[in-house]
Amino acid sequence: MEYTPALQAKLSIYALISVLFLGACSDPATVGLELAPQNNQIGVFYKEFTLDAQVVLLDSFNTTNSGVLLVGNEVDDYFGKTTSTAYTRLYIDQTAERPKSDAVLDSVFFNFSTVSVNGSNLDKPKSYRVHLLNEPILDTLYYNFSTLSYKPTPILDAEILFGDKKDTLVKVPITNEAFINDLFTKMKRGQEFDNLFSFRRYLPGLAITSRDGDNATAGFSLGTNTGITVYYHALGDTTALKYSITTLSSRSFNSIASDRAGTPTSVITEYGKSYNTSPIVGMKAGLGLAMRVNTGPIDAFLDTLQGVIFNQVNLTIGALENQDAGNVPISSMVLKFVDSQNRVLLSSFNKAELHVQGDGQAQVIDDGKGNLIPNYLFASSAVVEYNSVDKLYRAGISSHLNAIYRGQIKRQDWLLYPSTPRDLSDDFKRSLRQFKVNKDKIKVTVIYSKIR
């Protein structure tokens, strides 16, 4: 990217008014915005224009140790069928007291520490199955397309009714007699529980799957609250004892499968390429379907102006297409600068990704050599926030548009991406959230002042 330092200009402004109104106009007098008809220095103008958008399938991404076991099965007329399977190792504390050889087994539970639930018909039970892996999870990177083989018969097939509870601990009894008897026998007498390495040779890990047709996705946290709890008592003693097998400090990853046949997104076959799915465009986390926004109309608008200051500029997306109340859209996003091949542009200073910077933030910074370069700080990026009341995404981009107008930065197209400075977790790796919107509802609204 090439940038030119801005010419310094000092503007004397005697009065300024910010007025919001519904229609676009070119003459403030037509809507009574003259501040002082006999001696007016500033006119206030309003402009609204639409930005085009396409859908982009991002390249496969690393889902290793995202912090959430993402398990879901969703069907949508635009995105098709999307399935997420979670894979995780198990952990034991090798210093923990094990059952003695004459201990009596009482019960075995699997615990799900739920941190998120999203989808349709959450007032009905959703099914989750826990399978034993046939192969170990290695100390390598796993991506959203990675899979491992697991035993077809689950050790647990549970129905969970979440309702309004999106963050709760669910305990489900394991009733697979062959599994729990073998587990308890080895726990008492076997070398399999002598240390973590022996244990993982015995139990390489788990795959957690969901049921077709549930149309919901749950996120389960890793740690001491997700895993297997064995309850037992010593012979001749009624005191309840327990031994825990958890997912604490356990390597994990999430695998995403997509079948988009027969949907508008079935045309999307190549990574990194822009696809027109008119009139609707959308984003689907987990799957990696993102949106590219063509900002060309900004240049066309700026070419019509001379001697102005931008008072308020907003990007709005929506109202969104309807989806079930329990299917919450992606909450917030940033705007990454991309080239014609949808490659994210990097700073020439430190190769950091470049984003639209927030209002009131420096749009350019000194590189230490007297050159102004685009601000590369992620912490000050503009955030596109969702408002559930009006079903709109909004972001203030006044400072950004001013920087383009003054020649400080070049206008670039944007890639919407669901990770923000306030929540550094990447929604693409932690959910299957989605939204759809008609392209004619992606707008820039501008209020600006003109010096006479």
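Here is what the cut-offs are and how they apply
- Residues numbered from 1 in each chain as written.
- Predicted model: local features only at pLDDT ≥ 70, side-chain atom pairs only at ≥ 80, totals over all residues.
- Heavy atoms only, no water.
- Core = buried A, V, L, I, M, F, W, Y, C linked by side-chain atoms within 4.5 Å.
- Buried < 20%, exposed > 50% of the residue type's maximum accessible area, 1.4 Å probe, protein only.
- Helix = DSSP H or I, 4+ residues; strand = E, 2+ residues; numbered from the N terminus.
- Contact = heavy atoms within 4.5 Å.
- pLDDT = per-residue confidence, 0-100.
- Phe/Tyr/Trp six-rings, centres within 6.5 Å; stacked < 30°, edge-to-face > 60°.
- Lys NZ or Arg CZ within 6 Å of the ring centre and 35° of its normal.

Asker: What am I meant to see in the nonpolar core here?
Answerer: One broad trend across soluble globular proteins is that nonpolar side chains are buried collectively. Membership of the largest hydrophobic core comes to 67 residues, with the highest contact counts inside it found for M283, F310, W414, L416, F435, I442 and V446. One finds A103, I155, F179 and I180 within the second-largest nonpolar core, a separate group that totals 42 residues.

Asker: How should the environment of S331 be read in this particular structure?
Answerer: Structurally, S331 is set in the loop between strand 17 (308–317) and strand 18 (332–338). Sequence separation between S331 and Y386 is 55 residues, and the spatial gap between their C-alpha atoms is 5.4 Å. Excluding its chain neighbours within four sequence positions, the residues that come into contact with S331 are V384, E385, Y386, Y393 and R433.

Asker: How should the confidence of the model for the protein be read in this particular structure?
Answerer: In low-pLDDT regions, the fine details of the predicted coordinates are not to be read closely. Per-residue pLDDT for the protein averages 89, and the proportion of residues at 70 or more is 90%. No element of the protein has a lower mean pLDDT than helix 5 (residues 427–430), which averages 78, and none a higher one than strand 9 (residues 206–210), which averages 98.

Asker: I'm lost on helix 4 (residues 398–405) in this one. Help?
Answerer: Every α-helix winds through 3.6 residues per turn, so residues three or four apart in the chain are directed the same way. Counting buried positions over the eight residues of helix 4 gives six, a clear majority of the element. Those residues of helix 4 not exposed but buried are S398, H400, L401, N402, A403 and I404. Along its buried surface, helix 4 packs onto helix 3 (296–302), strand 17, strand 18, strand 22 (392–396), strand 23 (413–417) and strand 25 (442–451). Downstream of helix 4 by a residue or two, G407 has a phi angle that is positive, lying close to 80°.

Asker: Would you explain the packing of aromatic side chains in this entry?
Answerer: For any pair of aromatic rings, geometry is given as the distance between the ring centres together with the angle between the planes. For the structure shown, the criterion picks out 22 aromatic pairs. Here the aromatic rings of Y143 and F145 are separated by 5.8 Å at their centres, their planes lie at 10°, and the arrangement is stacked. Aromatic side chains F193 and Y243 sit 5.8 Å apart centroid to centroid with 75° between the ring planes, which places their arrangement in the edge-to-face category. With a gap of 50 residues between them, F193 in the loop between helix 1 (177–189) and helix 2 (196–202) and Y243 in strand 12 (residues 241–246) connect regions that are remote in the sequence. Across the pair, exposure class does not vary: F193 and Y243 are buried alike. Grouped by ring-pair contacts, the aromatic residues F45, F49, F301, F310, Y405 and Y448 constitute a single cluster. In this structure, K171 packs its charged tip against the face of F109, placed 5.1 Å from the ring centre. K336 extends its terminal NZ or CZ atom over the ring of Y417, reaching a point 4.0 Å from the ring centre.

Asker: For this particular structure, what's the right way to read unusual backbone geometry?
Answerer: Note: most peptide bonds trans; most residues except glycine with negative phi. S278 connects to P279 through a cis peptide bond whose omega is -5°. In this fold, P279 is placed in the loop between strand 14 (274–275) and strand 15 (280–284). A319 follows G318 through a cis peptide bond whose omega is 15°. Phi is positive for N65, close to 55°, though the residue is something other than glycine. Mapping N65 onto the fold places it in the loop between strand 2 (52–57) and strand 3 (68–76). In this structure, K391 takes a positive phi of about 60° despite not being glycine.

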